[in-house]
Amino acid sequence: MSMMPTPLISIARASAKAAATRNGAALASLRAYSARPTSTQEGTDRRKVTTQTIRKLYADGKPITVMTAYDYPTSVACERAGVDMVLVGDSLAMVALGHDDTSQITMDEMIHHSRAVARGARSPFLVTDLPFGTYQSDTTAAVNNAVRMIKEGRAEAVKLEAGRRGAPKVDAIAIGAGIPVVGHIGLTPQTAVALGGFRVQGKSVRNAQALVDDALALQDAGCLAIVLEAMPSLVAETITKLLRIPTIGIGAGPSTSGQVLVLSDMVGIFDRFTPKFCRNFADLGPRMVSAIAEYKDAVRSGAFPEEGIHTYVMPAAAEDSWRAYVQRQFSIELGTTKVSSSSSSAAAAAAAAAMPKAAADPDTAKSSS
């Protein structure tokens, strides 16, 4: 986000104060800026979470809640649930796109998903992963791709799986380009092959000290926060107590400054495997399969769609004229409806009266295309 000159900041603040005075207390709780303008869309009744919000939660000792999202529906769910941060993680390569690992997703795909999430998650602070191969080669590429993710992906921060060796790139992005960076150490899925697979890290004293060194280097490089993944609770607690920035745990125990889970794991949609550290808060996968199977059976049996409930009708006079025209023009005998046009029209009128104005027309159908 670009910085405004001081006079413009004063003007903007004065304008916001005047608007709050005119329109009441509701507007006073809103915050708008270039990446998140005020609108009537989802989430505008909630104060925007910013880097300052994250730092205050950390300073006050309040656990920071983070959830992954990969598209508009999942981001709206996160918005409505009131989480502090939404992470567009490259885990979507596996849980949403069906890849075997996270390294196969591209920058363009991450931007595509990040933009979709930004449309639904209006209030949470939005962090998006830079995918494998977009920041490892050189600092210039790292900065350029971080800028792309902010400009095109509508993210507010980028996440890098990097330790001490990645600290110069973090510095270039966070300090040089002014883009908030979230670090990620421990189990780093992008380089899981080099770690011997999806294995817990920091189980020996030597490896635990290496994680501490990584965390301190990322803090010094300017990270806003650091994700600690799949490490002993004692190691995560040590890192959390040593740092002056928040830690976000995933399989790192309860002592971190916040927690994050992969949405598809915690609601039971992704069933290829479930990490030990994941708690299932719902089991939606079987329910989805059951609903789809029920739909299939209803279509096969003719129970769906049901005339008069899931259908639209013509006015009685128009229906009679149309039947006569079709019979005369094409020699086709149309079937009879299960309910009369008049009763259907009355039901439609009653339903329309209860609908919002935009949806009142019974002949207006929502296209699936």
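Worth saying up front: this structure is predicted, and the values here are computed from it rather than measured.

Successive residues of a regular strand alternate their side chains across the two faces of the sheet. With 6 of its 6 residues buried, strand β5 (residues 181–186) lies for the most part within the structure. Side chains V181, G183 and I185 of β5 all project onto a buried face; the interleaved residues V182, H184 and G186 project onto the opposite face, where all are buried too. In this sheet, β5 lies alongside strand β4 (residues 157–161) in parallel orientation, the contact comprising 4 bridges. Residue pairing across strands places L160 opposite G183, the latter belonging to β5. Remark: the β4/helix α8 (residues 167–176)/β5 crossover connection has right-handed handedness. Two elements, β5 and strand β6 (residues 225–229), share 5 bridges in a ladder whose sense is parallel. Residue pairing across strands places G186 opposite E229, the latter belonging to β6.

Note on placement: E156 falls in the loop between α7 (139–151) and β4. Residues E156 and A118, 38 residues apart in the sequence, show an inter-C-alpha distance of 9.5 Å. Reaching out from E156, the side chain makes a polar contact with the backbone nitrogen of L126 at a distance of 2.7 Å.

The terminal C-alpha atoms of α7, which comprises 13 residues, lie 18 Å apart, in line with the 18 Å expected from a rise of 1.5 Å per residue. Within α7 the residues assigned to the buried category are A142, V143, N145, A146, M149 and I150. Close packing links the buried residues of α7 with α6 (107–120), β3 (125–129), β4 and α8. You can read the cap of α7 off the contacts: a side-chain oxygen lies 3.1 Å from the backbone nitrogen of T140, and it is on D138.

A few words on the environment of R115. Of note, R115 is situated in helix α6. Placed 39 residues apart in sequence, R115 and R154 show a C-alpha to C-alpha distance of 5.7 Å. Apart from residues no more than four positions distant in its own chain, R115 is found in contact with E152, G153 and R154.

Within the element layout of this structure, E79 appears in helix α4 (residues 72–81). At 2.7 Å, the side chain of E79 forms a polar contact with the backbone nitrogen of S123.

Counted at 1.5 Å a residue, the expected span for α6 with its 14 residues is 20 Å, and the 21 Å between its end C-alpha atoms agrees. Of all the positions in α6, only M107, M110, I111, H113, S114, A116, V117, A118 and G120 are classed as buried. Against the buried residues of α6 lie α4, β2 (85–88), α5 (92–95), β3 and α7.

Now for the nonpolar core. By size, the foremost hydrophobic cluster in this structure holds 61 residues, and its most contacted members are V158, L160, I173, I226, M231 and I239. With 7 residues, helix α9 (residues 205–221) is the single largest residue contributor to this core. Setting aside residues no more than four positions away along its own chain, V158 makes contact with V127, T128, L130, A146, M149, I150, I173, I179, P180, V181 and V182.

Quick look at the confidence of the model for the protein chain now. Confidence in the prediction for the protein chain averages 83 pLDDT; 76% of positions are at 70 or higher. Long-range and interchain partners of residues 340–344, a stretch whose pLDDT sits below 50, account for 7 contacts in this model, where long-range means more than four residues apart.

For any pair of aromatic rings, the description rests on two quantities: the centre-to-centre distance and the angle between the ring planes. Tallying each qualifying case throughout the model produces 3 aromatic pairs. Taking the centre distance of 6.2 Å and the plane angle of 65° together, the rings of Y295 and F304 count as edge-to-face. Here the aromatic cluster, defined as three or more aromatic residues joined through ring pairs, consists of W322, Y325 and F330.

Here the focus is the sheet that holds strand β8 (residues 258–261). Here 8 strands make up a closed barrel; going around it, the order is β1-β2-β3-β4-β5-β6-β7-β8 and the pairing parallel. The average undirected angle you get between the axes of adjacent strands in this sheet is 25°. Bridge count between strand β1 (residues 64–68) and β2: 3 bridges; the pairing is parallel. Note on β2: the bridge partner recorded for T68 is L87. Packed on one face of the sheet, α7 meets β3 and β4 and runs near 140° to β4. Across the sheet, helix α10 (residues 233–242) lies against β5, β6 and β7 (247–250), angled at about 170° from β6, the strand it touches most.

Rules used throughout
Residues numbered from 1 in each chain as written. Predicted model: local features only at pLDDT ≥ 70, side-chain atom pairs only at ≥ 80, totals over all residues. Heavy atoms only, no water. Buried < 20%, exposed > 50% of the residue type's maximum accessible area, 1.4 Å probe, protein only. Helix = DSSP H or I, 4+ residues; strand = E, 2+ residues; numbered from the N terminus. Pairing = 2+ DSSP bridges. Right-handed = clockwise from strand over helix to strand, strands pointing away. Polar contact = N/O pair within 3.5 Å; in protein donor to acceptor, adjacent residues only side chain to side chain. Expected span 1.5 Å × (residues − 1). Contact = heavy atoms within 4.5 Å. Core = buried A, V, L, I, M, F, W, Y, C linked by side-chain atoms within 4.5 Å. pLDDT = per-residue confidence, 0-100. Phe/Tyr/Trp six-rings, centres within 6.5 Å; stacked < 30°, edge-to-face > 60°. Axes fitted to C-alpha atoms, helices over the stretch in contact; angles between N-to-C directions.

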